Amino acid sequence: MVAVPAPEATHSARALFVRRAAWRWEEIAFWICAALSYFIFPGHLVLLTQAMITGLFVVSLDIMFGYAGIPSFGHAAFFGIGAYTAGILARDWWGDPLLGLVAGALVAGLAGAICSQLVARLHGIAMLMVTLGIGLICYEIANKWNSLTGGDDGLQGMQITPLLGLFTFDIDGRVGFIYSFIVIFVLYLLARRLVNSPFGLALKGIRENVRRVPALGIGVRVQLAMAFTISAAMAGVAGALLAETTQYIALEVLGFDRSISVQIALVLGGIGSLIGGMIGAVVYTVLRDQLSLINPAYWDFWVGLVLVIIVMSGTGGVTGILRRSVDWVIARVKR
Amino acid sequence: MSIDVVLETEGLNRSFGALRVTQNVSFRLPRGARYALIGPNGAGKSTFINLLTGVLAPSSGRIRLEGEDVTRAPAQERVRRGLARTFQINTLFPSLSPLEATTLAIAQRHGLCVNPFRRLSGCHAEIDEATELLNRFDFGADAERATHQLAYGRQRLLEIVLALAARPRVLLLDEPAAGVPQHESAEIFGALAALPSDVAVLFIEHDMDVVFRFAERITVLVAGQILCEGTPEEIADHPQVREVYLGDGEDV
């Protein structure tokens, strides 16, 4: 005989999951600001586009690190693979931007699936070291394989055709901005769906207690391999977007520096909330841009200082501080 | 008429180097039984559990679940086939609520955990089942609080709920009442008494109170070997058991 739960308990339980998946005000605010920035800063569209692309890259890392708890020092490998795939395709075969995105996602996802077979067997620092190793290997392959990648000089000569055959990528970056905005927003919606799915809940379970998960009947390796593959594919799209909008690929897209900066951006913005990744990327990109104007040689000092202050000020990064401040103000006003 | 055995081991051995921690253990658990496995510290109880659940692989021997050989099956596969466990030390998801953790276990049973496109908030069947299960254990408002905020006894109870969410045929309870303060133990004992009667339960216990209250039969493990098996009365009167186990300070 199965006891039927009280209707109010069922209602409350269902409401919990609806609440967890609901749009938070900082998400809505971010996307409105991002859309409005097109009109407010028409002279900075290239920088804004790059910030949003970095945002997508950081979000892809957040799925791995913030949700599944898998740290990575080599995530740039997948970003770079996506960029080079789209770049080489546009240089040697077809310059259709959407095709480039799909190819970038597929090749980076495939690379992620292969790497996941190594990484999903490991824990903690060992995982970190293997991702670091993968990043370095990819960097040196691209560096050495001059005929394909252009090596140290970067990849040039991409022929990107107009988007949908209609919109030519312009020098001010208007088409690039709108194109990137739409692609990134759609992928953000997919990422949101993923973290609020049973799959996403299983990832949180792995992050919270990897020993318990098999005892529920869940195969940890399968979940992590899927998460790694999806995350890598998403990073690949980000890389492809960068290649297409700048029509040039510098070798540093694969660099250790980029793997580290994406981690920094995630911590700055706030781990495990998705929107923290987008916000962190914008903060980091703008910070870097402004600080390098003030002091071209030592700006990393300030990045380091900001990082320490943000981390010491509690969980949730800039997004967390923002949220706490607003809560504080609301509490003040109500009183 | 043969007994309907749901879990069976045959000549199970496990060594760590030269140390033989499980020696030739053959054990049968009938459907719906209430058995206990006892033994002094270092007797190999934990190793035996780890062998049964697939955390460790045996050096030799066989494990059969519902008549099928699962000796080499990974831990999660055994759970899917009906072998669930609890942990001696709480092994939960600290920042998830019991409702989320239970829903996760049920979603897994329904094969949803590999689906990144399904809305969790739309999984009404799973959420309702989790609510019903938690209600049965009187979780009330605690179901929606973060697990780390719950009283210790509640966390022990959640261990059992998560195991039951997998709809097991066999339930291994690793010291279910370990560390539970006196005033919370009634709740745990109530839960143990109310376990579904078609589920075979094996208590791995230190606490004689639990053993004599719930177990129909007891297996005594000493130095990795089965010393004897019998009803609680037989075990209590067994001279060797008194010597090696009950003799060292345990009050029966």
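Anything mentioned here points back to the structure above.
In this report, we go over the structure that sits alongside the text. (Residues numbered from 1 in each chain as written. Chains lettered and ligands numbered in written order. Predicted model: local features only at pLDDT ≥ 70, side-chain atom pairs only at ≥ 80, totals over all residues. Heavy atoms only, no water.)

Details of empty space enclosed by the protein
Residue and element names in this part refer to chain A. Using the criterion set out here, one finds one cavity of 30 Å³ or more in the structure. If you add up the space inside the largest cavity, you get close to 60 Å³. Here the lining of the largest cavity gets three residues from one element, more than from any other, and that element is helix 1 (residues 7-21). Split into classes, the residues belonging to the lining of the largest cavity amount to four nonpolar, two polar and three charged. (1 Å grid on protein atoms, 1.4 Å probe; cavity = no way out; pocket = protein on both sides within 12 Å on 5 of 7 lines; lining within 4 Å. Points joined across faces, edges and corners; volume = space filled by probe spheres on them. Helix = DSSP H or I, 4+ residues; strand = E, 2+ residues; numbered from the N terminus. Nonpolar A, V, L, I, M, F, W, Y, C, P; charged D, E, K, R; others polar.)

Describing the layout of surface pockets
Rolled over the atoms, a probe sized like a water molecule indicates the empty space that remains. In this structure, the largest pocket spans a volume of roughly 910 Å³. Mapped by element, the contributors of at least two residues to the lining of the largest pocket are helix 1, helix 8 (174-195), helix 9 (198-208), helix 13 (299-312) and helix 14 (317-334) of chain A. Sorting elements by how many residues they give to the lining of the largest pocket places helix 14 of chain A first, with five residues. For the lining of the largest pocket, the per-class residue count stands at 10 nonpolar, 11 polar and 11 charged. Reported here for the second largest pocket is a volume of approximately 690 Å³. If you go around the second largest pocket, you meet 28 residues; those closest to its centre are Val210, Arg211 and Pro214 of chain A together with Val55 and Ala75 of chain B. Elements supplying a minimum of two residues to the lining of the second largest pocket: helix 10 (220-246) of chain A together with helix 1 (45-53), helix 2 (75-80) and strand 6 (83-85) of chain B. Counted by class, the lining of the second largest pocket contains 14 nonpolar, eight polar and six charged residues.

A look at the pattern of salt bridges
For the coordinates displayed, the defined rule picks out 27 salt bridges over all chains. Its salt-bridge partner being Glu26 of chain A, residue Arg323 of chain A comes within 2.9 Å of it at the nearest N-O pair. Here Arg323 of chain A is found in helix 14, whereas its partner Glu26 of chain A is found in helix 2 (residues 25-40), with 297 residues between them in sequence. The network of salt bridges with shared partners includes Glu8, Glu10, Arg28 and Arg64 of chain B. (Salt bridge = Lys/Arg side-chain N within 4 Å of Asp/Glu carboxyl O.)

Structural notes on the environment of Glu187 of chain B
All names here are of chain B. Secondary-structure assignment places Glu187 in helix 6 (residues 182-193). Separated by 31 residues in sequence, Glu187 and Arg156 place their C-alpha atoms 10.0 Å apart. Apart from the residues within four sequence positions on either side, Glu187 is in contact with Arg154 and Leu157. (Contact = heavy atoms within 4.5 Å.)

With respect to the sheet that holds strand 7 (residues 170-174) of chain B
Two orientations exist for strands paired in a sheet by backbone hydrogen bonds: parallel and antiparallel. Residues and elements named next belong to chain B. What the six strands build is an open sheet, ordered 6-7-8-3-9-10; its pairing is mixed. Of all the strands in the sheet, just strand 6 and strand 10 (225-230) have a single pairing partner and so form its edges. The average undirected angle you get between the axes of adjacent strands in this sheet is 20 degrees. Relative to strand 9 (residues 217-222), strand 3 (residues 34-38) runs parallel, the two sharing four bridges. Residue pairing in the sheet places Tyr35 in a bridge with Arg217 of strand 9. Across the sheet, helix 5 (residues 152-165) lies against strand 6 and strand 7, angled at about 160 degrees from strand 7, the strand it touches most. (Pairing = 2+ DSSP bridges. Axes fitted to C-alpha atoms, helices over the stretch in contact; angles between N-to-C directions.)

Overview of the sheet that holds strand 4 (residues 60-65) of chain B
Residue and element names in this part refer to chain B. Spatially, 2-1-4-5 is the arrangement adopted by the four strands of the open sheet, whose pairing is antiparallel. Strand pairing shows two members of the sheet lacking a second neighbour, strand 2 (19-30) and strand 5 (68-69), which therefore form its edges. Pairing analysis gives two bridges linking strand 4 to strand 5, with the strands arranged antiparallel. From the neighbouring strand, Arg64 faces strand 5, where its bridge partner is Asp69. With respect to the sheet, helix 1 is in contact with strand 1 (5-16), strand 2 and strand 4, its orientation differing from that of strand 1 by roughly 120 degrees.

Points about the environment of Glu252 of chain A
With respect to the element layout, Glu252 of chain A can be found in the loop between helix 10 and helix 11 (256-269). Counting along the chain gives 180 residues from Glu252 of chain A to Ser72 of chain A, while the straight-line C-alpha distance between them is 17 Å.

Observations regarding the interface of chain A and chain B
It is common to report an interface's size as the accessible area lost on association of the parts. Taken together, the contacts link 41 residues of chain A with 42 residues of chain B. Between chain A and chain B the total buried area reaches about 3,700 Å² when both faces are included, carbon and sulfur atoms providing 64% of it. Linking chain A to chain B there are three salt bridges. In this structure, the salt-bridge partner of Glu159 of chain B is Arg212 of chain A, at a minimum N-O distance of 2.4 Å. Put simply, chain A and chain B have 12 residue pairs in polar contact (both at pLDDT 80 or more) between them. Of all elements in the fold, only helix 1, helix 8, helix 9 and helix 10 of chain A reach the threshold of two or more residues within the side of chain A that touches chain B. (Buried area = accessible area lost by both parts, 1.4 Å probe. Polar contact = N/O pair within 3.5 Å; in protein donor to acceptor, adjacent residues only side chain to side chain.)

By themselves, these figures tell us nothing about what the structure is for.
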